[in-house]
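Chain and residue survey
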Amino acid sequence: SGQVIAEGEQMKVYSFSEQSYPDAWFEDAESLRVSLPNRHCDPEMAARLYNRYLDEWMLADELGLNIIVNEHHATATCMSASVHLTLAILARQTKRARLLGLGTPIANRSDPLRVAEEMSIIDVISRGRLEMGFIKGVPYEIVPANAKPVHVMDRFWEAHDLIIKAMTTHDGPFSWEGEHFQYRSVNIWPRPYQQPHPPVWSSSSSPGSSRALGGRGYVVATVMTGYRAKTVFDEYRKGWKEAGRSQPTPLDRLAYMGFVAVGKSEAEGLRRAELVKSYLQTNTLVAEPYKNPPGFMAASDAAKLFQRVGWRGPSHQMATKDGKPLGSAAQGSVADTIAGGLMFAGTPDQVYDQVVDFYRAIGGFGHFLMMSQAGQMGHEDTVDSMTLFAREVMPRLAEFHASAQL
C-alpha cells in the first residue's frame, strides 16, 4: 500500500464536526435524511454556520490538532455535501493539520476519475497533508446519490483500484475497461504530492470488512462502536497477518471516534456532553424506505439482522467494558454513553482517565478522532472544550501512548 508507518509514533488527534443545521432538526419527525424540504434552510443561517465550523477547524490547526471532515446528502444533520470542497478550503487555510476526509462514498460516485483528480489537487495545495478516506457510505445515501444498492462493494473496490492506479501511473494515458466504469484515457494532472499516493483510510464496524482492510494495510476507523471496537481491531489484525506480514500491526493503523466534552469543572464538562449527545437523538431519524434498501446488505446479513431486530433496522446498542447492556445510545444518559465508550466527558483529568481506560480495554489505537462539536453545542463551548483538550489532555495522551508501545 505504500503506507509503512513506524511503530512508536505519537498518537494523532483529529477534530471532527458534521457541520449540522440544528434549527431544522425537528421540523419533520419522520426523517431528517433524504426528504426534509430545504425550505427549512435559511441560507444566511447556513452561511454563519459554515464559516463558524471553518473557524473552529482553523483553531484546531493552531492548537496542533488534525482535522477530519465527512459528507452526507439531503440532510440537516450534516451540511457537508462534499468532503473535497471542505478539504480544498482547509488545504489553503491551514498550515500543519493532517486533513482526513472520512470519507468519500466512491461506490455512489459516477466518476471516480474526478475523485482522483480532486484528491490530488488537495494533496498538492496542502503540500502533502491529505489522508484519503474511501467509504461504502450509509444506506440512506443511496437515494440522493441516485445509486444502485446492489453490488455496492463491487463498485467500491473497482473505483478504489482505478483511483489508486490513476494516482500512481506517471508514464502517459491508460484506458480502463471495468465492469462498472470505463475510460478511454486516464492521465491525471497534477499527480499527488505524497508518493506513491496519500495514505488510505476506510471505516468499519463489522469483522468482515475490517479483516479485508487489514489485508490491504489501510487505516481502519471505527465510529462510536464503544467496546465492540476491540472485535473490529482484532479482526483487522487477523487480516494483517493473513496478508503475510511478519511485523505486528502498527497502532497507527487503528483509529477510534468518540464524543469529547471537556470543561474546567465536571459540571461544565457534563453540560457540554448533553449538548453533544443530542446528535444521537437526531442521527437515527430516518424514514423506513431509506434505512435498508434491498441489495445494500448481503442477503444472509439482512436475514440475521431481521431476525435480531426486525425491519426497522438496528438501534445503536451500548454495553459496558464487562459486557453489561446499557440500552440504546439514542435514549441513554450521558453517564451511559461514558460507560459505553462513546463519550469522554468531564474535567481534563477525567477525560484523560476515560480515554486511557478505554484505550487499554480495546488494545490501543494510534488515531483518536474526537467529535469535539456535535448536536447543539455552540461556538464558545466548542472553542473552550477543544482548547482544554489540546492543552491539558492531548500532551498527556501522547506521553501515555508512547510509553504503551515500549
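Predicted model, so just to flag it, every value in this text is computed and none were measured.

Reading the values: rules and limits
Residues numbered from 1 in each chain as written. Predicted model: local features only at pLDDT ≥ 70, side-chain atom pairs only at ≥ 80, totals over all residues. Heavy atoms only, no water. Phe/Tyr/Trp six-rings, centres within 6.5 Å; stacked < 30°, edge-to-face > 60°. Helix = DSSP H or I, 4+ residues; strand = E, 2+ residues; numbered from the N terminus. Buried < 20%, exposed > 50% of the residue type's maximum accessible area, 1.4 Å probe, protein only. Lys NZ or Arg CZ within 6 Å of the ring centre and 35° of its normal. Axes fitted to C-alpha atoms, helices over the stretch in contact; angles between N-to-C directions. Parallel < 35°, antiparallel > 145°, perpendicular 65-115°, else oblique. Left-handed = near helix turned anticlockwise from the far one by under 90°. Contact = heavy atoms within 4.5 Å. Nonpolar A, V, L, I, M, F, W, Y, C, P; charged D, E, K, R; others polar.

With that settled, the discussion passes to the packing of aromatic side chains. Counting across every chain of the model gives 14 aromatic pairs. Considering the side-chain rings of Tyr 256 and Phe 365, the 6.2 Å spacing of their centres and the 50 degrees angle between planes classify their relative orientation as tilted. One end of the pair, Tyr 256, is in strand 9 (residues 254-262); the other, Phe 365, is in the loop between helix 11 (348-362) and strand 13 (367-371), and 109 residues separate them in sequence. Where Phe 344 meets Phe 368, the ring centres are 5.6 Å apart and the plane angle is 85 degrees; that geometry is what we call edge-to-face. Here Phe 344 is found in strand 12 (residues 343-346), whereas its partner Phe 368 is found in strand 13, with 24 residues between them in sequence. Overall, the relative accessible area of 0% leaves Phe 368 in the buried class. What links up through ring pairs into an aromatic cluster is the set Tyr 227, Tyr 256, Phe 344, Phe 358, Tyr 359, Phe 365, Phe 368, Phe 389 and Phe 400. Cation over ring: Lys 165 sits above Phe 174, and NZ or CZ is 4.5 Å from the ring centre. Just above the ring of Trp 240 sits the side chain of Arg 245; from NZ or CZ to the centre is 4.2 Å.

Okay, the packing of helix 1 (residues 43-62) against helix 12 (residues 379-404) next. Where helix 1 contacts helix 12, the axes come no closer than 11 Å and their chain directions differ by 15 degrees. Of the possible angle classes, the one that applies to helix 1 and helix 12 is roughly parallel. Read as a crossing pair, helix 1 and helix 12 show a hand that is right-handed. Residue-level contacts link Arg 52, Glu 56, Leu 59 and Ala 60 of helix 1 to His 379, Thr 382, Val 383, Met 386 and Thr 387 of helix 12. Among the residues making up the contact of helix 1 with helix 12, the classes are represented as four nonpolar, three polar and two charged.

Gly 103 follows Leu 102 through a cis peptide bond whose omega is 0 degrees. For Gly 103, the position within the fold is in strand 3 (residues 99-104). With an omega of -5 degrees, the peptide bond running from Trp 189 to Pro 190 counts as cis. Of note, Pro 190 is situated in the loop between strand 6 (182-186) and strand 7 (200-203). With phi around 60 degrees, His 151 is a residue other than glycine that occupies positive phi space. Relative to the assigned elements, His 151 resides in the loop between strand 4 (130-134) and helix 4 (152-168).

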